[in-house]
Amino acid sequence: MSTHEREITARTDLCLPNGRLNPDAVGWTRRPLHRGNLRGWGRAKRWEYWGIVTPSHVIGLVASSLDYAGVHGVYVLDRATGVEISKDAVVPLARGASFPDRSGEGTAHVSGGGVTIDLAQHAGGTSLRAVATGIELDVEVPLPEGHESLGVVVPWGPSRFQYTVKDLGRPVRGVLRLGSAEHRLSEADAFAVLDHGRGKWPYSMTWNWAAGCAPGLAIQLGGKWTDGTGMTENALFVDGRLHKIGEELTWTYDRGDWLRPWKITGERVEVEFTPFHDKISRTELGVVGSRTHQCFGHFTGRARADDGTWVELDGLTGWAEEARQRW
């Protein structure tokens, strides 16, 4: 099976010299090849989000620049008790934030409002360090040889576009400290997911995102925000290899009860997601703001690989979310 979307195999710039979308950048990749050379101020968005799942905890780190503000956060869920610990910061004009142009290369740093996050990317992987009140995370996320990730450029128009890298099922090791308690993270039973974003967005946007992982298997699914653009951010990963799914999917879920099962379906996807926790995030800054329900849970169902065979997804752990942005 194949997708109608164009696969890009050589390095390219996201933007033309005048800051508009480079038409040659529109497509998808198996490894990061785009340089996020954004120009101009006011609509540019840059972020690095890392989600980490262990048998005992779910961890989220976000470092972002929205031009007019930096929105950063560190989040930890105790899976046994349901207790959440989080620290969020809004830094005017994103002061103190720096981001590299390319995913997988260079460093990112944000600091302010009681949150400090450092991401150092190198050929062997990524070092993550985050410090906030009562939380300290210090981990390594190795990059296995031959590991593939999904890069996609979504074109709303010449001046509105997004480049995203979804990198799933990365091994992770290190330590999480919550107050005086120390929790070790082991590659044997923990995984990390990266969402790298660079783009110029419309003022208002809603998206869905689901990511589920198990040893040697992962599923990446998106919805709403790519509809009608000719691009999708859907893929199956088997033993680190990407199988691109080039169709818009149907998402069915209950906005009145976020913990009811979600269904995500298409010709190559038959997925049910059952949440065990709803993480609710709200940010209001006057005319701009966001509201997100990120539900953590388990996947069942199946997805079809490039050769047409169905791959069972039962037992994958991860999340599905709806995010509504005014930014």
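This text goes with the structure placed above it.
These figures come from a predicted structure and were not determined experimentally.

A.B. asks: Please set out the overall build of the protein residue by residue, giving values where relevant.
C.D. replies: Counting its secondary structure elements, the protein contains 0 helices and 26 strands. Against the globule reference of 20 Å for 327 residues, the protein gives a C-alpha radius of gyration of 18 Å, in line with a compact fold. Expressed along its principal axes, the backbone C-alpha trace of the protein runs to roughly 50 × 45 × 45 Å. Out of the 327 residues in the protein, the part that is buried amounts to 56%. A separation of at least 24 residues holds for 54% of the contacts in the protein among residues at least 6 apart in sequence. Of the accessible surface of the protein, which amounts to about 13,100 Å², a share of 50% is contributed by carbon and sulfur atoms. One way to put it: in the protein the 37 positive side-chain charges average out to a point 7 Å from where the 40 negative ones average out.

A.B. asks: A description of unusual backbone geometry should follow, citing residues and the corresponding values.
C.D. replies: Unlike most non-glycine residues, Leu93 shows phi in positive territory, near 60 degrees. You can see Leu93 is positioned in the loop between strand S7 (84-92) and strand S8 (106-112). In this model, Ala94 sits at a positive phi of 55 degrees, which is unusual for a non-glycine residue. Turning to its location among the elements, Ala94 is positioned in the loop between S7 and S8. Among the residues examined, Ala94 registers a relative accessible area of 9% and is labelled buried.

A.B. asks: Lay out the sheet that holds strand S4 (residues 44-53) in plain terms, naming residues and giving numbers.
C.D. replies: Working definition: the strands of a sheet are paired by backbone hydrogen bonds and lie parallel or antiparallel to each other. With antiparallel pairing, the 8 strands of this open sheet are ordered in space as S2-S12-S13-S16-S4-S5-S6-S7. What marks the edges here is a single partner per strand, and that holds for strand S2 (28-29) and S7. Across 2 bridges, the pairing between S2 and strand S12 (residues 150-157) is antiparallel. Bridging from a neighbouring strand, Thr29 pairs with Gly151 of S12.

A.B. asks: Which residues make up the nonpolar core, and what values go with them?
C.D. replies: Residues Leu14, Leu150, Val193, Trp201, Trp207, Trp209 and Trp319 are the most contacted members of the largest nonpolar core, which totals 40 residues. Elements with a minimum of two residues in this core: S4, strand S6 (69-78), S12, strand S13 (160-171), strand S16 (191-200), strand S17 (204-214), strand S19 (234-238) and strand S26 (316-326). The leading source of residues in this core is S17, at 5 residues. If near-sequence neighbours (up to four positions away) are discounted, Leu150 is found in contact with Trp28, Thr29, Thr164, Val165, Lys166, Gln220, Glu233, Asn234, Ala235, Phe237, Leu242 and Lys244. If you look at the next biggest cluster of nonpolar residues, it comprises 28 residues, including Ala63, Ala89, Val115 and Ala130.

A.B. asks: Can you break down the packing of aromatic side chains residue by residue, with the values?
C.D. replies: For the structure on display, the rule yields 20 aromatic pairs. Where Trp258 meets Trp262, the ring centres are 6.0 Å apart and the plane angle is 45 degrees; that geometry is what we call tilted. In terms of burial, Trp258 and Trp262 fall into one category: buried. The interplanar angle of 50 degrees and the centroid separation of 4.8 Å between the aromatic rings of Phe273 and Phe299 together place this pair among those described as tilted. Residue Phe273 is located in strand S23 (residues 269-285), and its partner Phe299 is located in strand S24 (residues 288-304); the two are separated by 26 residues in the primary sequence. With respect to class, Phe273 is no different from Phe299; both count as buried. Feature note: the residues Trp47, Trp156, Trp201, Trp207, Trp225 and Trp327 constitute an aromatic cluster, connected by ring pairs. Positioned above the aromatic ring of Tyr75 is the side chain of Lys279, whose terminal nitrogen or guanidinium carbon lies 4.7 Å from the ring centre. The positively charged end of Arg302 is found above the aromatic ring belonging to Trp310, 3.9 Å away from the centroid.

A.B. asks: How would you summarise the sheet that holds S8 if you had to cite specific residues and measurements?
C.D. replies: Ordered by their spatial adjacency, 6 strands build an open sheet running S8-S9-S10-S11-S14-S15, and the pairing between neighbours is antiparallel. Every other strand in the sheet has two partners, leaving S8 and strand S15 (181-185) as the edge strands with one partner each. Here the strands of the sheet are splayed against their neighbours by 10 degrees on average, with no regard to which way each runs.

A.B. asks: Just give me the short version of the pairing of S17, but keep the residues and values in it.
C.D. replies: For S17, the tally of buried residues reaches 8 of 11 residues, placing the bulk of the element in the interior. Here 10 bridges tie S17 to S26, and the two strands are oriented antiparallel to one another. Looking at S26, one finds that Thr206 is bridged to Arg324. Where S17 and strand S18 (residues 217-223) come together, 7 bridges link them in antiparallel fashion. For Ala214, the partnering residue across the bridge sits in S18 and is Leu217. Counted along the chain from S17 to the antiparallel partner S18, the turn is 2 residues long, and its residue Gly216 has a positive phi close to 75 degrees.

A.B. asks: With reference to specific residues and values, describe the environment of Ile8.
C.D. replies: With respect to the element layout, Ile8 can be found in the segment before strand S1 (12-13). C-alpha separation for the pair Ile8 and Asp24, spaced 16 residues apart in sequence, amounts to 8.8 Å. Not counting residues up to four positions away in its chain, the partners in contact with Ile8 are Asp24, Ala25, Val26, Gly27, Trp28, Thr29, Leu33 and His34.

A.B. asks: Got a sec to walk through the side chain of His72? Specific residues and values, please.
C.D. replies: Following the sequence through the fold, His72 ends up in strand S6. Residue His72 is classed as buried on the basis of its relative accessible area, which comes to 1%. A distance of 3.3 Å separates the side chain of His72 from the backbone nitrogen of Ser64, its partner in a polar contact. Contacts of His72, omitting those with residues within four sequence positions, involve Val62, Ala63, Ser64, Lys87, Asp88, Ala89, Val91, Val110 and Val115.

Criteria and cut-off values
- Residues numbered from 1 in each chain as written.
- Predicted model: local features only at pLDDT ≥ 70, side-chain atom pairs only at ≥ 80, totals over all residues.
- Heavy atoms only, no water.
- Helix = DSSP H or I, 4+ residues; strand = E, 2+ residues; numbered from the N terminus.
- Rg over C-alpha atoms; globule rule 2.2 N^0.38 Å.
- Buried < 20%, exposed > 50% of the residue type's maximum accessible area, 1.4 Å probe, protein only.
- Contact = heavy atoms within 4.5 Å.
- Areas by Shrake-Rupley, 256 points an atom, 1.4 Å probe, with all protein chains shown as cover.
- Lys, Arg positive; Asp, Glu negative; His and termini not counted.
- Charge placed at Lys NZ, Arg CZ, Asp CG, Glu CD.
- Pairing = 2+ DSSP bridges.
- Core = buried A, V, L, I, M, F, W, Y, C linked by side-chain atoms within 4.5 Å.
- Phe/Tyr/Trp six-rings, centres within 6.5 Å; stacked < 30°, edge-to-face > 60°.
- Lys NZ or Arg CZ within 6 Å of the ring centre and 35° of its normal.
- Axes fitted to C-alpha atoms, helices over the stretch in contact; angles between N-to-C directions.
- Polar contact = N/O pair within 3.5 Å; in protein donor to acceptor, adjacent residues only side chain to side chain.

Take it as geometry only, folks, not as evidence of what the structure does.
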